[in-house]
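Residue-level structural notes
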Amino acid sequence: MLSLQDDVGTPGNAEARAEANAELDRVKAPVWMQEYAAWHRQHRNDRGARFLMYSCHDQMNGQRAGVCGGHGNRIKHICWTLRAAAASRRVLLVDWQSPERLEEYIGPVAVDWRPTAAERAIFSGASSHVYKFGWPDVRTAPPPPGTKYLRVTGGSPHEAPCYNCTGFQASFNSLYGFLFRPTAAFREHVHATRVRLFGGASAPYVSMHVRMGDSAEGSLLHPSPSPSPSPNPDPSLNSDPNP
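Each chain has its residues counted from 1, running along the sequence as written. Reporting in this predicted model follows two pLDDT cut-offs: at least 70 for local features of residues, and 80 or more for side-chain atom pairs to be given and counted; totals over whole chains, interfaces and linings ignore these cut-offs and use all residues. Heavy atoms from the whole structure form the basis of all side-chain values; hydrogens and water molecules are not counted.

1. Digging into the overall build of the protein chain
Strands here are runs of E lasting at least two residues and helices are runs of H or I lasting at least four, both read from the DSSP assignment and numbered beginning at the N terminus. For the protein chain, the count of helices and strands is 6 helices and 6 strands. Listing every helix and strand of the protein chain by position from the N terminus yields α-α-β-α-β-β-α-β-β-α-β-α. Expressed as a percentage of the 243 residues in the protein chain, the buried residues total 41%. Two residues qualify as a contact provided that any one of their heavy atoms is within 4.5 Å of a heavy atom in the partner residue. Here the contacts in the protein chain between residues at least 6 apart in sequence split such that 71% fall between residues at least 24 apart. Per-residue accessibility takes into account occlusion by the displayed protein chains alone, with areas from the Shrake-Rupley method and a 1.4 Å probe. Carbon and sulfur atoms form 54% of the exposed surface of the protein chain, whose accessible area is close to 13600 Å². When a residue's accessible area, from a 1.4 Å probe over protein chains only, is under 20% of the maximum for its type it is buried; when over 50% it is exposed; and in between it is partly exposed.

Dropping the structure here:
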């Protein structure tokens, strides 16, 4: 596990705020994202603030409902949660702890979404209301409750509708760049790995990305997490052609 102590995005860090503003310009963030960045910094430690947390814990793995989903699905849902938090004026928090804590690899940019230990404890208790698959759509359901602590654990695409989210749209690139960037420790680890494997950090290499589906045999969402060998109906195919 990588380790990084970082104060990026905290309200009292002027250098971090300057970097965040530069990142907002780089990702061409719409006005609502720029306004939410300032609002989030102002209310991050406000006792009267309301909160919306995305949660993914290890005990969620292996459930066929896939409440955490794959890494891509999780990132998309966090981007959706950002839109819902901005639309409802809630402080966004991200509590990704499975298989490791997200902030070990990716840090905040425009808003500090990292929960404190005390906030994690509050959200794990009965005082927080949990929406398994996100907030209700305004067209089909009543608004979410006005309780102080709300969290979501499901999967919704970043562009999916949510209550009162009209006017809170942005591209995936803008949403991602607003929230995330690799930590220094992770960047150093990737650099060292490239040097070790390919002889240099900028050396060309060939990679392959194999997608088998969220419910493929051997995946966390399959009833049997361990793949079983395929039986060979023709024993002759197992023999050595040149004994």
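Here the narrative resumes.
2. A word on unusual backbone geometry
What you tend to see is this: most non-glycine residues have negative phi, and most peptide bonds are trans. Phi at Arg89 is positive, roughly 55°, even though this residue is not glycine. By the element assignment, Arg89 lies in the loop between α3 (71-88) and β2 (91-96). Despite not being glycine, Asn164 has its phi angle at roughly 65°, a positive value. Within the secondary structure layout, Asn164 lies in the loop between β5 (149-152) and α5 (172-179).

3. Here's the deal with the pairing of β5
Burial along β5 is two-sided: the residues Tyr149 and Arg151 and Leu150 and Val152 are all buried. For two strands to be treated as a pair, DSSP must find at least two bridges joining them. With 4 bridges connecting them, strand β1 (residues 51-56) and β5 associate as parallel partners. Within β5, the residue paired with Tyr54 across the bridge is Val152. Strand direction decides the pairing type here: strand β4 (residues 129-131) and β5, joined by 3 bridges, are parallel.

4. A closer look at the side chain of Arg120
Structurally, the position occupied by Arg120 is in helix α4 (residues 117-124). Among all residues touching Arg120, those that are not within four sequence positions of it are Asp95, Gln97, Arg101, Glu103 and Pro115.

5. Some remarks on helix α2 (residues 31-43)
How far a helix is expected to stretch is found by multiplying one less than its residue total by 1.5 Å. Relative to the 18 Å expected for 13 residues at 1.5 Å per residue, α2 spans 18 Å between its end C-alpha atoms, a close match to the ideal helical length. For α2, the complete set of buried residues consists of Trp32, Met33, Tyr36, Ala37, Trp39, His40, Arg41 and His43.

6. Digging into the state of the cysteines
Any pair of cysteine sulfurs within 2.5 Å is marked as a disulfide. In total, this model carries 1 disulfide according to the counting rule given. Put simply, Cys162 and Cys165 are joined by a disulfide, and their sulfur atoms are 1.7 Å apart. Linking Cys162 and Cys165, the disulfide has an S-S dihedral of approximately -75° and is accordingly described as left-handed. As far as the burial class goes, Cys162 and Cys165 line up, both buried.

7. Structural notes on the sheet that holds β1
Spatially, β2-β1-β5-β4 is the arrangement adopted by the 4 strands of the open sheet, whose pairing is parallel. The two strands at the open ends of the sheet, each matched to only one other strand, are β2 and β4. Between one strand axis and the next, the sheet turns by 25° as a mean value, whatever way the strands run. In this analysis, axes come from line fits to C-alpha atoms, helices being fitted only over the stretch in contact, and the angle between any two N-to-C directions falls in the range 0 to 180 degrees.

8. What to know about the packing of aromatic side chains
Stacked, edge-to-face and tilted are the three classes for Phe, Tyr and Trp ring pairs, Trp counted by its six-membered ring, which pair at centre distances within 6.5 Å; planes under 30 degrees apart are stacked, over 60 edge-to-face, the rest tilted. Enumeration over the complete set of coordinates arrives at 9 aromatic pairs. With centroids separated by 5.7 Å and ring planes inclined at 20°, the aromatic side chains of Tyr36 and Trp39 adopt a geometry described as stacked. With a gap of 3 residues between them, Tyr36 and Trp39 both fall in helix α2, about one helical turn apart. Residue classification places Trp39 among the buried residues on the basis of a relative accessible area of 16%. Cluster of aromatic residues (ring-pair linked, three or more members): Trp113, Phe172, Tyr176 and Phe180.

9. Some words on the pattern of salt bridges
Counted as salt bridges are all cases of a side-chain nitrogen of Lys or Arg within 4 Å of a carboxyl oxygen of Asp or Glu. Counting across every chain of the model gives 5 salt bridges. Note that Arg101 is salt-bridged to Glu103, the shortest N-O span being 3.4 Å. The class of Arg101 is partly exposed, set by a relative accessible area of 34%. Relative accessible area serves as the criterion here: at 13%, Glu103 is assigned to the buried category. The partner of Glu103 in a salt bridge is Arg120, and the shortest N-O contact between them spans 2.7 Å. A residue pair is termed long-range when its members are at least 10 positions apart, and Glu103 in the loop between β2 and β3 (106-108) and Arg120 in helix α4 qualify at 17 residues. Looking at Arg120, the relative accessible area reads 13%, which means it is buried. A single network of salt bridges, built from pairs that share partners, joins Asp95, Arg101, Glu103 and Arg120.

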